[in-house]
Amino acid sequence: MPAVAGQQSQNMAHSLLTTEQCQAKWRISCYTPTQYRQAYNLNPLYRAGITGKGRTIVIVDSFGSPTIQHDLDVYSKQFGMKSTHVDVVKWGTVPRFDPADPARLSWAKETTLDVEMAHAVAPDAHIVLVEAGVPNGDGIAGLREMMDAEKSLINRGVGDVISQSFGATENNFPGFRSGDFSSIQNLRNAFKDAARHDVTVLASSGDGGATNATANVKSNYPYKVNAWPSSDPLAVSVGGTQLHLDAKGDRTAPDSVYNDNGASGGGQSHVFARPPYQNGVEQVVGDHRGTPDVSMSAAMNGGTWMYSSYNPKQVGWEVCVGTSEATPLFAGIVALADQVAGHRLGDIHQALYSLFAQSSWKPSTGILDVNDGTNNSYAGVTGYTAVKGYDMATGVGTIDAALFVPALAKEG
């Protein structure tokens, strides 16, 4: 759904299953934060005291979850992490939670996934959860309220990195067909303020591959489109990969493009021109902003375990997936880099693409190319292939955190 960027599975279990058990029961791999920490080489950072301490991650969702603190506490205890307090900011009149409402359930799941993934990577970072009272139901409604909430927090000095797991197809905005993009431009004030206050803004690239949902959200466009805010030059667009891990979290094969039960969103914006930081990849993106910028785990076959209790009929563990998983994971990475730098890094695009430009001859950048030839074709629309260098399936690729975090802190 365009309202919630992450595709969410129906794989429920009252207790955790091992990766091997998931493969036998559901024919997919399922991973824990312990495996992710090994895969992304986070453990050396934790041993050095780099845990996100002193930094704040802001997560924005509609409605939120009434059990978010309890669920994070259970999740943390299961994996030997100390929990953290989630500050909930209600923006507007947030309706009482109704477990019989599919929209409330969907957003509660989204909220839980966002919070648990950010905490899994940056366990000592402070989390502020913004619960908007207006649903991002058709992909456009609710965006103004979400942006107003972000702007308010930014101008009050709250938050170092903002994680957004929602989006709307650019084509669905009023005026798009006539070339009038003011309806999108008028939503960008929060991002402009973020840039002025050195706050990093992230956005999920979506789960529709090179296409995305039409205005009625019941079908996808039969041609290539892009979505906002992922397409915004001031937002770091986070795409999705598929991890291939053993029980310890070591790779058994190189990362692939996320393309199952959804596909990593990516392609050219039809609203924004190519920003200067993408001049080095002009041959790929052309004259327009290209997405994604970077990618993290998002595939169903390799999904993450999440605990929730907001639905009394489905309390327990579940495998969740999508770029809604990838984005808060990367938010945690940025929080770690902020801690190393000792200050906010702000818009990291220039630093990210500078490190990418060095990565072919300088492994210490921590940027890992994803080039196995898989693609993000989806719903009959031919997408983009993961090739050597930048591509519009995975961006610059993925990361080795032990190298990337200090490199980003220095470059930023």
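Once a new chain begins, its residue numbering starts again from 1 and follows that chain's sequence as written. Residues qualify for local features only when their pLDDT is at least 70, as the model is predicted, and side-chain atom pairs are given and counted only at 80 or more; totals for whole chains, interfaces and linings, by contrast, use all residues. Based on all heavy atoms of the structure, the side-chain values leave hydrogens and waters out of the count.

### A few points about the packing of aromatic side chains
At step 1: Stacked, tilted and edge-to-face are the three classes applied to pairs of Phe, Tyr and Trp rings, where Trp contributes its six-membered ring and a pair requires centres within 6.5 Å; stacked means planes under 30 degrees apart, edge-to-face means over 60, and tilted covers the rest. For the structure shown, the criterion picks out 15 aromatic pairs.
At step 2: Aromatic pair Tyr-353 and Tyr-390: ring centres 6.1 Å apart, planes at 40°, arrangement tilted. Placement of Tyr-353 in helix α11 (residues 349-359) and of Tyr-390 in the loop between β17 (367-368) and β18 (398-399) is noted, with a sequence separation of 37 residues between them. Each member of the pair Tyr-353 and Tyr-390 is classed as buried.
At step 3: Of the aromatic side chains, those joined through ring pairs into one cluster are Tyr-75, Phe-79, Tyr-307 and Trp-317.
At step 4: Ring-over charges, as used throughout, are those where CZ of Arg or NZ of Lys falls within 6 Å of the ring centre and within 35 degrees of the ring normal. Above the ring of Phe-63, the side-chain terminus of Arg-104 is found at 4.1 Å from the ring centroid. Secondary structure is summarised from DSSP: a helix means a run of H or I of at least four residues, a strand means a run of E of at least two, and numbering begins at the N terminus for each. Exposure categories follow from relative accessible area, calculated using a 1.4 Å probe and restricted to protein chains: below 20% of the type maximum is buried, above 50% is exposed, and the middle band is partly exposed.

### Examining unusual backbone geometry
At step 1: Residue Pro-229 is bonded to the preceding Trp-228 through a cis peptide linkage, with omega at 20°.
At step 2: In this fold, Pro-229 is placed in the loop between β9 (227-228) and β10 (236-242).
At step 3: With an omega of 0°, the peptide bond between Thr-291 and Pro-292 qualifies as cis.
At step 4: Mapped onto the elements of the fold, Pro-292 is located in the loop between β13 (288-291) and β14 (294-297).
At step 5: Residue Arg-27 is not a glycine yet carries a positive backbone phi of 65°.
At step 6: Note that Arg-27 resides in the loop between α1 (19-26) and β2 (30-31).
At step 7: By relative accessible area, which is 76% here, Arg-27 ends up exposed.
At step 8: One non-glycine residue, Asn-41, adopts positive backbone phi at about 55°.
At step 9: Residue Asn-41 is classed as partly exposed on the basis of its relative accessible area of 26%.

### Let's talk about the pattern of salt bridges
Between side chains of opposite charge, pairing is possible as soon as their charged atoms come close.
At step 1: Note on definitions: salt bridges are taken to be side-chain nitrogens of Lys or Arg within 4 Å of carboxyl oxygens of Asp or Glu. For the coordinates displayed, the defined rule picks out 14 salt bridges.
At step 2: In this structure, the salt-bridge partner of Arg-104 is Asp-101, at a minimum N-O distance of 3.0 Å.
At step 3: Classification of Asp-101 by relative accessible area gives partly exposed; the value is 22%.
At step 4: If you follow the salt bridges from partner to partner, you end up with Arg-55, Asp-160 and Arg-344 in one network.

### Examining the side chain of Asp-391
At step 1: Take Asp-391: it is sitting in the loop between β17 and β18.
At step 2: Of the side chains with opposite charge, Lys-388 lies nearest to the buried Asp-391, which makes no salt bridge, at 12 Å.
At step 3: At a separation of 3.2 Å, a polar atom in the side chain of Asp-391 contacts the main-chain amide nitrogen of Val-387.
At step 4: N or O atoms within 3.5 Å of each other form a polar contact, as long as, within protein, one can give a hydrogen and the other can take it, and as long as residues adjacent in sequence are counted only when both atoms are side-chain atoms. In this structure the side chain of Asp-391 is engaged in a polar contact, spanning 3.1 Å, whose partner is the backbone nitrogen of Ala-393. Only four residue types enter the tally: Lys and Arg on the positive side, Asp and Glu on the negative side, with His and both chain ends excluded.

### Comments concerning the state of the cysteines
At step 1: Working definition: a disulfide is two cysteine sulfur atoms within 2.5 Å of each other. Applying the stated criterion across every chain, the model contains one disulfide.
At step 2: There is a disulfide in this structure between Cys-22 and Cys-30, and the S-S distance comes to 1.7 Å. Handedness here is read from the sign of the S-S torsion; for Cys-22 and Cys-30, about 90°, the answer is right-handed. In terms of burial, Cys-22 and Cys-30 fall into one category: buried.
At step 3: Left without a disulfide partner, Cys-320 is nearest to the cysteine sulfur of Cys-30, which lies 12 Å away.

### Notes on the environment of Val-161
At step 1: Within the secondary structure, Val-161 is located in strand β6 (residues 161-164).
At step 2: Spatially, the C-alpha atoms of Val-161 and Val-294 are 16 Å apart, while their sequence positions differ by 133 residues.
At step 3: What makes two residues a contact is simply this: any of their non-hydrogen atoms within 4.5 Å. Contact partners of Val-161, with chain neighbours within four places excluded, come to Thr-56, Ile-57, Val-58, Val-199, Thr-200, Leu-202, Ala-331 and Val-334.

### So, the environment of Val-321
At step 1: Residue placement: Val-321 occurs in the loop between β16 (316-320) and α10 (323-341).
At step 2: Distance in space between the C-alpha atoms of Val-321 and Met-306 is 9.8 Å, their sequence separation being 15 residues.

### Examining the packing of helix α5 (residues 102-121) against α10
At step 1: Relative to each other, α5 and α10 sit at 35°, their axes nearing to 7 Å. Crossing angle aside, the handedness with which α5 passes α10 is right-handed. When α5 is examined against α10, the residues Glu-110, Leu-113, Asp-114, Met-117, Ala-118 and Val-121 are found in contact with a partner set consisting of Ser-324, Glu-325, Pro-328, Leu-329, Gly-332, Ile-333 and Leu-336. Each axis is a line fitted through C-alpha atoms, and for a helix only the stretch in contact is used; angles between axes span 0 to 180 degrees, taken between their N-to-C directions. Two helices crossing with the near one rotated counterclockwise from the far one by less than a right angle form a left-handed crossing, whereas a clockwise rotation gives a right-handed crossing.

### Structural notes on the packing of α10 against helix α12 (residues 401-411)
At step 1: Orientation of α10 relative to α12, taken along the N-to-C sense of each, is 55°, at an axis distance of 8 Å. Between α10 and α12, the crossing angle belongs to the class labelled oblique. In this structure, the crossing between α10 and α12 has a hand that is right-handed. Taken together, the residues of α12 that come into contact with α10 (itself represented by Phe-330, Ile-333, Leu-336, Ala-337, Val-340 and Ala-341) are Ala-401, Phe-404, Val-405, Pro-406, Leu-408 and Ala-409.
At step 2: Residues that form the contact of α10 with α12 fall into these classes: 12 nonpolar, no polar and no charged. Reported orientations rely on four angle classes, namely roughly parallel under 35 degrees, roughly antiparallel over 145, roughly perpendicular from 65 to 115, and oblique for the rest. Gly falls in the polar group here, along with every residue not listed as nonpolar (Ala, Val, Leu, Ile, Met, Phe, Trp, Tyr, Cys, Pro) or charged (Asp, Glu, Lys, Arg).

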